[in-house]
Amino acid sequence: MSVTWSAKDLKNTNQPAATGLKRSRNDVGNKATVVLGAQWGDEGKGKVVDLLATEADVVCRCQGGNNAGHTVVVEGKEYDFHLLPSGIINTKSISLIGNGVVIHLPGLFEEGDKNDKKGLKGWEKRLIVSDRAHIVFDFHQVVDGLQETERQAQEGKNIGTTKKGIGPAYSSKASRTGLRVCDLLGDFKDFSTKFKNLVHQYQSMYPALTVDVEDQLKKLKEYAERLRPMVRDGVYYMYEALHGSPKKILVEGANAALLDIDFGTYPFVTSSNCTVGGACTGLGIPPLNIGDVFGVAKAYTTRVGIGAFPTEQLNAVGELLQTRGHEVGVTTGRKRRCGWLDLVIVRYAHMINGFTAIALTKLDILDVLDEIKVGVAYKLNGKRIPHFPANMDVLQKVEVEYETFPGWKTDTSAARKWNDLPAKAQNYIRFIENHIGVPIKWVGVGKSRECMIQMF
Ligand code: GDP
Ligand code: IMO
Ligand code: MG
């Protein structure tokens, strides 16, 4: 696989790090390449990151927690990553969990130990954790479940969260009662008091919540010592990475644009910014240090959990995409809902993220279809609307306008270059590219690393 980093992503001056903070706009430093989901998640971000990570020096997670599930298949071995950046596979790069991530410590160590057994040795030495990252406690996960039960009872529907405590942990952060890695590694007596106060706060909201505080603190103290060697000031680490010697820095987005707390299909979203701004706030990277922004989109659409899904196919097509695409959640094991590619949402994701190129994944799943549809516009009361509706009741009502393409009915899984693809598949790809107005740089035709056609 050829190198996908361009010279413009590397800084052209070679000043030592932190030699004074005065810098001109021409001396920006290294640029971070960002990989983001352009739909409702599970687009194949892990695979795209893995591809780029083989060349990267630093691979960072900037938001979300272990609600994410990123699959990487290398040499026949399948890895699933939840909190660890997918770049942890690359023994030559450093993985960084940034301040915008919420970390469930038992989850992190379980994930690491599981991968260690699979042969991923030395991950603890390659991982850096920001001291500003917030902690997800076990009770946040219990509260996540209680909130879902409450939503179901009050509104007749829940969100379908992963129950990993993401919403409650970000709520603690926003209400300024959350606890961070730096608190855990500081004075443990102070930490214990703050922890007890936080538990008390949640118990007053949820009287059914029981927490064995002493047992939790004992475990947290053990985790603190295991975590301590990995913890750094994340902002300073990134500053040095951006302004030291030329470095390839990669940011792995979790979740996706339509799950973004501000721009997604609210309230059926996650609790972080999964769009490009999250890379800046979740790592302390200035906007000028953002280089390429790669959007990842499947050649069709899937969604896990509840919420409007205009191109969903509750029929044989949806079932075929689900079974052929093995569309089952990596984190929760739930079946993913499936439908035609919706270019209205990918264009909307592009409006927010300003993609410099797209990775179109899972083209091979469409190989057996007689005809393929693509959603190109939404209509309300018979009239096309130019924007993506904020209100979910409105989104439920839109009528999708489709373009129909003949299927190529050919196995594409062995294709490794553009010319190996059937003309009808090429036509489908070119249509998508023109409609979004962003070049397609990669086309995925299988799970493993080599099953990716690089277009330029
Ligand atoms: P992520 O959350 O965006 O990293 O994606 P997931 O790992 O949750 O889901 C993507 C699934 O599709 C995984 O099982 C990948 O192995 C698989 N996958 C990724 N790209 C391709 C592709 O081009 N073709 C096929 N058949 N599978 C793919
Ligand atoms: P990756 O990174 C797909 C969905 C959940 C639920 C909603 C809120 O693998 O693409 P949360 O637990 O975050 O409060 O759940 O968001 N969701 C995802 N769906 N892929 C993901 O991550 C997701 N992360 C959250 O299913 O509907
Ligand atoms: Mg996933």
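Residues numbered from 1 in each chain as written. Chains lettered and ligands numbered in written order. Predicted model: local features only at pLDDT ≥ 70, side-chain atom pairs only at ≥ 80, totals over all residues. Heavy atoms only, no water.

A. How the structure looks around the pairing of strand S10 (residues 249-252). Alternating residues of S10 divide into Ile249 and Val251 and Leu250 and Glu252, and every residue in both groups is buried. With four bridges connecting them, strand S2 (residues 58-61) and S10 associate as parallel partners. Looking at the pairing, Val58 lines up with Ile249 of S10. (Buried < 20%, exposed > 50% of the residue type's maximum accessible area, 1.4 Å probe, protein only. Helix = DSSP H or I, 4+ residues; strand = E, 2+ residues; numbered from the N terminus. Pairing = 2+ DSSP bridges.)

B. Local environment of the sheet that holds strand S9 (residues 231-232). Pairing within the open sheet is mixed, and its ten strands lie in the order S9-S7-S5-S2-S10-S1-S11-S15-S19-S20. With one partner strand each, in any of the chains shown, S9 and strand S20 (452-454) form the two edges of the open sheet. Here strand S19 (residues 440-444) pairs with S20 via three bridges, running antiparallel. The partner of Gly444 across the bridge, within S20, is Met452.

C. Spotlight on the coordination of the magnesium ion (ligand 3). Distances from the magnesium ion (ligand 3) to its protein donors, Asp42 (OD) and Gly69 (O), fall at 2.0 to 2.1 Å. Placement of Asp42 in the loop between strand S1 (32-37) and helix H1 (45-53) and of Gly69 in the loop between S2 and strand S3 (70-74) is noted, with a sequence separation of 27 residues between them. The class of Asp42 is partly exposed, set by a relative accessible area of 22%. Take Gly69: its relative accessible area is 10%, and that puts it in the buried class. (Donors = N, O, S within 2.8 Å, 3.2 Å for Na, K, Ca; no water.)

D. Structural detail: the site of ligand 1. As a matter of local geometry, ligand 1 sits amid 19 residues, with Gly44, Lys45, Gly69, Thr71 and Asp364 nearest to it. The backbone of Gly444 places a nitrogen or oxygen atom 3.3 Å from an oxygen atom of ligand 1. A distance of 3.1 Å is found between a nitrogen atom of ligand 1 and a backbone nitrogen or oxygen belonging to Gly446. Using a 2 Å cut-off from the grid points, one finds that ligand 1 occupies the second largest pocket. (Near = heavy atom within 4 Å. Polar contact = N/O pair within 3.5 Å; in protein donor to acceptor, adjacent residues only side chain to side chain. 1 Å grid on protein atoms, 1.4 Å probe; cavity = no way out; pocket = protein on both sides within 12 Å on 5 of 7 lines; lining within 4 Å. Sits in = over half its atoms within 2 Å of the grid points.)

E. Quick look at the state of the cysteines. What the rule picks out here adds up to zero disulfides. Distance from the sulfur of Cys62, which forms no disulfide, to the nearest cysteine sulfur (Cys60) is 8.2 Å. (Disulfide = S-S within 2.5 Å.)

F. Layout of the layout of surface pockets. A volume near 920 Å³ is recorded for the largest pocket. Forming the boundary of the largest pocket are 44 residues, of which Ile159, Thr161, Phe268, Val269 and Thr270 lie nearest the centre. At the level of secondary structure, the elements contributing two or more residues to the lining of the largest pocket comprise helix H4 (138-155), helix H5 (166-174) and helix H13 (392-397). Looking at the lining of the largest pocket residue by residue, the classes come out as 15 nonpolar, 20 polar and nine charged. Computed from the structure, the second largest pocket encloses a volume of approximately 540 Å³. Residue lining of the second largest pocket: 27 residues in total, with Gly44, Thr71, Arg336, Lys362 and Lys447 positioned closest to the centre. (Points joined across faces, edges and corners; volume = space filled by probe spheres on them. Nonpolar A, V, L, I, M, F, W, Y, C, P; charged D, E, K, R; others polar.)

G. Quick look at the confidence of the model for the chain. For the chain, the average pLDDT comes to 94, and 94% of its residues sit at 70 or higher. Predicted confidence is poor over residues 12-18, with pLDDT under 50, and the contacts of this stretch with residues over four places away or in other chains come to 16 contacts. (pLDDT = per-residue confidence, 0-100. Contact = heavy atoms within 4.5 Å.)

H. Broad picture of empty space enclosed by the protein. Under the counting rule described, the total for this entry stands at one cavity of 30 Å³ or more. What the largest cavity holds in volume is close to 80 Å³.

I. Just the pattern of salt bridges, in detail. Counted by the stated rule, this structure contains 24 salt bridges. Of the charged contacts, one joins Asp80 and Lys114 as a salt bridge, the two residues approaching to 3.2 Å between their closest N and O atoms. In this pair, Asp80 is assigned in strand S4 (residues 77-81) and Lys114 in helix H2 (residues 105-117), connecting sequence segments 34 residues apart. Classification of Asp80 by relative accessible area gives buried; the value is 17%. Note on Lys114: relative accessible area 38%, which makes it partly exposed. In this structure, the salt-bridge partner of Asp215 is Lys219, at a minimum N-O distance of 3.0 Å. Taken together, the residues span about one helical turn, with Asp215 and Lys219 both in helix H8 (residues 213-227) at a distance of four residues. Lys219 gets classed as partly exposed once you look at its relative accessible area, which sits at 37%. Overlapping salt bridges bring together Asp42, Lys298, Glu327, Arg336 and Lys362 as one network. (Salt bridge = Lys/Arg side-chain N within 4 Å of Asp/Glu carboxyl O.)

J. A look at H1. Judged by how many residues are buried, H1 sits mostly within the fold: nine of nine residues are covered. Every buried residue of H1 is accounted for by Lys45, Gly46, Lys47, Val48, Val49, Asp50, Leu51, Leu52 and Ala53.

K. Focus on H5. Those residues of H5 not exposed but buried are Ile166, Pro168, Ala169, Tyr170 and Ser172. In the core, the buried residues of H5 are packed alongside strand S6 (102-103), strand S8 (134-135), H4 and helix H7 (188-205). One or two positions beyond H5, positive phi appears at Arg176, with a value near 65°.

L. Examining the environment of Val293 more closely. Its place among the elements puts Val293 in strand S11 (residues 290-298). Classification of Val293 by relative accessible area gives buried; the value is 4%. For the pair Val293 and Pro422, spaced 129 residues apart in sequence, the C-alpha separation works out to 28 Å. Those residues in contact with Val293 that sit more than four places away from it in its chain are Val34, Leu36, Val276, Asn353, Gly354, Phe355, Thr356 and Ala357.

M. Structural context of the site of ligand 2. Taken together, 20 residues lie around ligand 2, and Lys45, His70, Thr162, Asn255 and Thr270 are the ones closest in. Asp42 has a polar backbone atom sitting 2.9 Å from an oxygen atom of ligand 2. Contact between ligand 2 and Lys45: an oxygen atom at 2.7 Å from a side-chain N or O atom of the residue. Burial of ligand 2 by the protein chains amounts to 97% of its free accessible area of 550 Å². A majority-of-atoms criterion places ligand 2 in the largest pocket. Residue classes in the shell around ligand 2 are distributed as seven nonpolar, ten polar and three charged. (Areas by Shrake-Rupley, 256 points an atom, 1.4 Å probe, with all protein chains shown as cover.)

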